[in-house]
Amino acid sequence: MTIRIDDSTRTIQMGVGDLVRLINPSETFRTGSSQFAAHWGQQAHKRLYGEAALNKRSTEVHVSHSLALGEYSAVITGRIDLIVEAADKTIVQEIKTVAAPGQTLEAATEDSLPSFRDQLRLYLYLLECSGYKNLHGELVVVSLMDGSIARIPVTYDLGAVYLLIRSVLLGVVREHEQSTARKDYRRSLAKRIGFPHEEARRYQEEAAASVRNALETRNNLLLSAPTGVGKTAAVLAPALRFALENDLRIFWASGKSSHQEIVATTLRLILPPDAQISALFLMAKEKLCPNELFSCEEHLCRYSQEYSARSNQAAVKALLQQQLILPEDVIRVARENDTCPFELSLQAASNADFIVGDYNYVFDPKSSLRRLLPPKNRRGWILIIDEAHNLYSRARGYFSPSISVEDMQEASRAAGESHVAPDGVLSLLDEVKTYVSEIGGARPSERQNQFIVEIDKNFFRAIGGRTKEILSDYFLARLRAGMETGEDPLARCLTDIDTFCTMSALEGDFAFLFDSTAALLKQVCLDPSLQIGKIINSFFSVIAVSATLEPHRFFQDVLGFPADETIAASFPSPFHRENRKIVIVPNVSTTYRDRTRTAPGVAHILQEISVIKPGNYAAFFPSYAYLRLIATHLQDFCGNLVIQKETLQKSDIVEMVRVLRERRSTNLILAVQGGSLAEGVDYSDNLLDGIFIVGVGLPELSLENELLKAHFDEKYSAGFQYAYLYPGMMRVIQSAGRLIRSADDIGFIILIGRRYATPAYNSLLPRDWYRYSIEELIASDAAAEVRAFWDSL
Ligand code: SF4
């Protein structure tokens, strides 16, 4: 339980576990493979409880005691594992499991296990206060390595324990009073949080007001604002002010680290230099880890072993004295204190006012930080979702697991060769493999590589339980054999089966399909709104922000924002309309079947317009195939062609930007809509003079997308829009957004394709792209329009 203090009645409620954590800060006796530690602990409890039942002992005994403490009173509760009544005494037992061999445990004393010792002493105290007499404490410590049991007597003195409890509780009261003072400090600090710039940008104040309004009315907000409005500051400043005024904390969830840098820069600008608050930037464990071998098992990582035994309070305090705690700070302080940087960052994060981290920490069921953001505490947090248009596809990915026959074959081979493979693993893999293969055998026709299947959820429910047991046994066996418990084909495959079983039992909108090319059974998340909506609903308020969050209704629906508690706000571009020429070329068909025929015409438009003025241009296509097709018609291009590779390294982007900055010749980038050159690169300082958007990057026609279409047809009568049109147009607008990055940028956007002349598509273009009517953009001679635009400047 968490410590609860009621100021009106001056009562403190806490569990024995809370007291133990306060007595031994950062003392958490770890068992290495933490994902199974609880399971192994439960198994040991079950076994010993079973024996206790045979011997008529009391198990899981609840105790509670009330204690006066000046103006306060404290109620302490706990649950004792076992009480054994003997003729002349009462033995109180506490069962623990540890990843240490029996030999080590034999030498252990109560003082080598201080957390366990103190926990038991507190139980003894509570029992004696409830009238028990002649109590004897005994730690029953089970070795995970060999199953042996050590019984360690625990001494106890009523008066000493009372004094210990009293001093801890006085500390709790003191901290509570300090935290009340801190609330006052935070409230006064709120008044000093301003905008980062002396003058707010155009629409920035309105955007900030919409954030403030959403928070004050305790609503969620879908905020759509293009580049230039200064979204980060418009969200950050009012959200931080509101959080400080109302004793809330902020989690800024972002899909890309480049956006996190913008948050850091903005925070530096808006925080008064003397502000005593901290913002912590989380980084993935494997990126922070200093070890060559990334494995957090106690026997493989000394930091993992020693973390529990060391108080990192000083290191945490050192970090929390900084306003911005960046990953490099965590790495440095961890190195100075010889400790695990990830654990240190989590420890510091639990006291930080503001946390910045990937979406996964909030939304991914496999990596969400429940320790940092426990569902019941999220009401104390404001969640900001940056570049929120990316969350929908990420969220679908979280809930779309798959299992493949090939992986199961490889896992079976690995199990056959392993001397620690648990009993039953081969038959389990065989059963699942047979089940999946049989499903695949129902292929309706040779031409269909993918087809919809029905799965027997009861089968996966039963398999899920067995997989968990086997996976746990396998990890334990590897631990006992001193092997790494992480990645290997068997562990990976069992984990995939376990995930599949868990996910297939979820409530929600899912379909299942079989891919016979890869012999793979996949769960397709059609709509993550139920799962994501639950998370969104657990926060005080959620502010979702992006340049392309329209139609709002679409994002509200697919992300599960509650309609009656969600406000939407949109803002136009703040830049001068005259700096940008937007033209629709309607007389070229870019649909799939016409592409070969019209490719020379498209290439001609790119060539003709790029030569009007030497410069840097980018053409964004719906697919690599289309890009390559057009490239074949641009072999005589007058300048330098930069063609996006399917696997793009960071160094490729750096090189491309260098070439663009040099401006030695006319450069034309050929890239795909939705790719990193269309969404991940900031072409600042007028790096681009013009953008061609060739066709609409609609998601490809596939069984999966057709399933989405059918689902959204049934749910909202908007299948094509939700499955194809909105995601496609979002890519178009994101690509177009690369052109104007600041008030001084100038250039053109040319939309090529008949679709742009139809209301279904062009009604989704931003309203600030034209003055009165979309017809203003439709041109019969795009080259002439562009020439006139350049001449007019
Ligand atoms: S130092 Fe690395 S391997 Fe060790 S516990 Fe930390 S993250 Fe895990």
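None of these values were measured; they are calculated from a predicted model.

## Thoughts on the domain arrangement of the protein
By domain assignment, the protein separates into domain 1 (4-173), domain 2 (402-527) and domain 3 (577-792). Computed over C-alpha atoms only, the centres of domain 2 and domain 3 are separated by 42 Å. Domain 2 puts eleven residues into the contact, and the matching count from domain 3 is seven residues. When domain 2 packs against domain 3, close to 800 Å² is buried across both sides, 67% of that on carbon and sulfur atoms. When the buried surface of domain 2 facing domain 3 is broken down by residue, Ile452, Leu526 and Asp527 rank first, second and third, together holding 49% of it. Between the two partners, domain 2 and domain 3, sit three salt bridges. Viewed at the interface, domain 3 and domain 2 are joined by three residue pairs in polar contact (both at pLDDT 80 or more). If you tally residues by element for the side of domain 2 that touches domain 3, the top one is strand E17 (residues 520-527), at five residues.

## Focus on helix H20 (residues 529-538)
In an α-helix there are 3.6 residues to a turn, and that puts residues three or four apart on one side. Extensive coverage of H20 is indicated by the burial of seven of its ten residues. Restricting attention to buried positions, one finds in H20 the residues Ser529, Gln531, Ile532, Gly533, Ile535, Ile536 and Ser538.

## Focus on the confidence of the model for the protein
Of all residues in the protein, 95% have pLDDT values of 70 or greater, and the mean over the chain is 90. Within the protein, strand E24 (residues 690-694) carries the highest mean pLDDT (98), whereas helix H2 (residues 34-54) carries the lowest (66). Low pLDDT, under 50, characterises residues 27-33; the predicted model gives this stretch 27 contacts beyond four residues in sequence or across chains.

## With respect to the pairing of strand E16 (residues 509-515)
The side chains of a regular strand alternate between the sheet's two faces. In terms of burial, E16 is a largely internal element, six of the seven residues being buried. Here four bridges tie strand E15 (residues 450-453) to E16, and the two strands are oriented antiparallel to one another. Bridge pairing in E16 links Gln450 to Asp515. Pairing geometry for E16 and E17, over seven bridges, is antiparallel. Across the sheet, residue Phe512 finds its bridge partner in E17, namely Gln523. Hairpin geometry of E16 and E17 is characterised by an intervening segment of four residues between the two adjacent antiparallel strands and by a positive phi of about 45° at Ala519.

Rules behind the numbers
- Residues numbered from 1 in each chain as written.
- Predicted model: local features only at pLDDT ≥ 70, side-chain atom pairs only at ≥ 80, totals over all residues.
- Heavy atoms only, no water.
- Domains from an automatic or database assignment.
- Contact = heavy atoms within 4.5 Å.
- Buried area = accessible area lost by both parts, 1.4 Å probe.
- Salt bridge = Lys/Arg side-chain N within 4 Å of Asp/Glu carboxyl O.
- Polar contact = N/O pair within 3.5 Å; in protein donor to acceptor, adjacent residues only side chain to side chain.
- Helix = DSSP H or I, 4+ residues; strand = E, 2+ residues; numbered from the N terminus.
- Buried < 20%, exposed > 50% of the residue type's maximum accessible area, 1.4 Å probe, protein only.
- pLDDT = per-residue confidence, 0-100.
- Pairing = 2+ DSSP bridges.

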